[in-house]
Structures are given as C-alpha cells and as structure tokens.
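# What the coordinates show
Single-letter residue listing:
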Amino acid sequence: MCEWCYKHGAGKKWYLNSRNYLQDTALEVGAHEYIYELWKNFEKVYLKRIFGISTKGPGYKFQIPIIGRAIHSYINSWFGKEKPLKGRDPMKAEGHAGQVVTLEDAKKILELANPILRVHCACRLMTRGVKDQCCLAFGALAEMVPRLPRYIPESGTEPMDVGEAQAFVEKMQEQGRVATVWFGPMPYIAALCSCELPECAATRVRTAYNLMSLYKGEYVAKLDLSKCTGCQACTTQCQFGAISFNASMGHPFIDQWKCFGCGLCAQACPEGAIQMVDRLSIPALKEVW
Amino acid sequence: MKTDILVDWEKCGDPRECKRCLQVCPQALFIMYSPQWDSDDPDVWRVDVAFTDLCVRCGDCVEVCPDDAITIR
C-alpha cells in the first residue's frame, strides 16, 4: 500500500475507504471551492503556475545543477500537500494528485462514489480542443461542474447509476485508456478519469518530468511464461513504455520498474497470461510509486 | 539548443474553431484557453505552448497555421 493508504485508507486502499467520498469530508477540506477554482482556471493552472513561473521549458529549469533539483522537489511537494486542510491553493494543484487503478478497483470505486456525473475531459479540451466526455466526476466535483458550461456534455448533467458507470469504464479500458482516481483535494476523492498520453496533464508531467502528480498503481503486471503464446496482443496496450516484444524469446518483456499497474495488458491477453500482482509482494518495487 | 515557440495572438483567430496546431503537434504541446473565464469572444481565446523543452522542432505547427501566427525560435 502506498503512503496515502496508510494515511487515508483506514486499513484499506485509500480509494476504497468510503470516508474519502463523504460530503462531510468534502466540506472539511473545502472541496467545493477548491475544485471550482481548479476547474475554472484549469488551463492557467497548467500553463502558468504548475512550474512556478511558467511552463515554458520546465525541462530546461530542472537541468540546472542543484537549483534545478530544488525547483523539482519544491513543485513535487505541492501535489501531496495535506495542510491546511481547508484553503490549499488550487492554482498550484496542491493536494490534487492521483493514482492509476485497475478496472477491478475502478469498479469498486464507482460503488462508493455518489453522484457520478460524466463530464468533458479538461485535459483533452485544452490540449487538443476535443470534447470527450470520459471523466467521471463525483460528489463535490459533480455539484460544481454544472456551473462551468464548457465541461458539460451535450447529453446533459444527468447522473449515472453505478452499473452504467462501471460499463462505461470497461468500455474506456477496451479503448486502451488508463483508469486513474483523483484527490480533490486530499483526502477527498473527486473523480475517476480515463487517461491517455500525451493529452493527460498529470500523466504527461509524471512521464516527462517525473513529477509525482500521478502515482503508480497498487499492482504490477507479471507474465506467466507457461501460458504466453507470443501473440503480441499486450504489446500495443502499454502507455508507459513498459512492454516490448522480445523476438528471440518469443514472448513480451514487461519492465516492472516502468509498469504503472493499469492492467490494460492483462485485459488484452487472450490467454490470461498476465497477472496483476500486489506491488508489495515484489520486494524492490514496494517503494516504487 | 533551447526552443521557444511564439504565437502571435493578433494574427491567431479563434482556436476553438481552428485548433489545427493543437491537433497536428506530435508532442501535443499546444494549449488553448481564455484568460477571461468562459468568454465567448473569439479574440479572447488564444493558444500558447507548454513544455517547449519537449518540442522536436518539426515545424508542423508553423506549416499548418492558416494565419502564419506561429514562430519557432
């Protein structure tokens, strides 16, 4: 279990702790105001503030000896910021971090969240100008989004029931999208998204700059060589560059150091040869988030 | 080599209608936004570039822009 599970999981995974979905929790952390400001200023948060001064070439800044590392760790501290409980800065995305989840866990999350509203993905809208209603907003976010017209889908703001939402996430996974669950702000849980590189803002800053806006999942993909037929169905699924096909061995190579534990490869495998194993069961990977 | 991408907002029209640069960029570095929240004024909407250090300088955005508003430096 990751650090968030210890702090906010009450013995379970943090995203399976029903307390983190309650209206009381939302009110305690000021989720309504926070999330409204964050979504209202989404592009500005991304473009101007995430990297302190601007996002113009943050990679250049991070490369500066010593100072670059200091800037990097300072920015990193924002995503996991827990205090003050109320009044964290939405313009810095303080306390707004997420984690990759498998389809199975995503379905459990949807049983805990209420209401569930489908909204336009803010990331795809700003980076590609595409209106893609693939993000599932919960509770406080579902209450606030209807005030922000550009995120409201043509189909309206009718909440989804649990079964519908689960079927929807399953469809998203079939399309190769990674399920991610989001604090807004920590420990309140505000959304379940279906992310894709390169549009997803958090996945992008994690993969390009190793900023901890998105944690790796609680699981790691493990290949059972006795079942693998070498069909390569899994090899096109990975968004994190963790799978390549190894021709000389006749089976894929899954780099578990790079695996984010989304489970897309396991689902794609017709033989059931890829298992999602608990990250904690692999000694060297239990500290790798 | 440091890359800087300049977008001339005077020349750029309504990115919500055009969005060619947003969609053509192989690295998806363009961002469209309105500094005034939910303004419907096309002049207010603009594109800007994040993460210029990830730009591969392919020049596709310069080529695709109908208003010649993009310069790579």
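Residues numbered from 1 in each chain as written. Chains lettered and ligands numbered in written order. Predicted model: local features only at pLDDT ≥ 70, side-chain atom pairs only at ≥ 80, totals over all residues. Heavy atoms only, no water.

Moving on: the interface of chain A and chain B. Taken together, the contact between chain A and chain B spans 29 residues of the former and 27 residues of the latter. Between chain A and chain B the total buried area reaches about 2400 Å² when both faces are included, carbon and sulfur atoms providing 56% of it. Applying the counting rule to chain A against chain B returns 0 salt bridges. Summed over the shared surface of chain A and chain B, the result is 11 residue pairs in polar contact (both at pLDDT 80 or more). Elements represented by at least two residues in the side of chain A that touches chain B include exactly helix H3 (31-40), helix H4 (42-49), helix H5 (58-62), helix H8 (122-128) and helix H11 (201-209) of chain A. At 5 residues, the largest contribution of residues to the side of chain A that touches chain B is made by H4 of chain A. For the side of chain A that touches chain B, the per-class residue count stands at 16 nonpolar, 5 polar and 8 charged. (Contact = heavy atoms within 4.5 Å. Buried area = accessible area lost by both parts, 1.4 Å probe. Salt bridge = Lys/Arg side-chain N within 4 Å of Asp/Glu carboxyl O. Polar contact = N/O pair within 3.5 Å; in protein donor to acceptor, adjacent residues only side chain to side chain. Helix = DSSP H or I, 4+ residues; strand = E, 2+ residues; numbered from the N terminus. Nonpolar A, V, L, I, M, F, W, Y, C, P; charged D, E, K, R; others polar.)

A few words on the packing of aromatic side chains. Under the counting rule described, the total for this entry stands at 13 aromatic pairs over all chains. Look at Phe 62 of chain A and Tyr 209 of chain A: their rings are 5.8 Å apart centre to centre, the planes differ by 75 degrees, and that puts the pair in the edge-to-face class. Of this pair, Phe 62 of chain A sits in helix H5 while Tyr 209 of chain A sits in helix H11; the two residues are 147 residues apart in sequence, bridging distant segments of the chain. Phe 62 of chain A gets classed as buried once you look at its relative accessible area, which sits at 14%. Within the aromatic cluster, the residues linked to one another by ring pairs are Trp 4, Trp 14, Tyr 15, Phe 183 and Tyr 215 of chain A. The ring centre of Trp 289 of chain A lies 5.4 Å from the NZ or CZ of Arg 279 of chain A, which sits over that ring. Positioned above the aromatic ring of Trp 9 of chain B, the side-chain terminus of Arg 46 of chain B is 3.7 Å from the ring centre. (Phe/Tyr/Trp six-rings, centres within 6.5 Å; stacked < 30°, edge-to-face > 60°. Buried < 20%, exposed > 50% of the residue type's maximum accessible area, 1.4 Å probe, protein only. Lys NZ or Arg CZ within 6 Å of the ring centre and 35° of its normal.)

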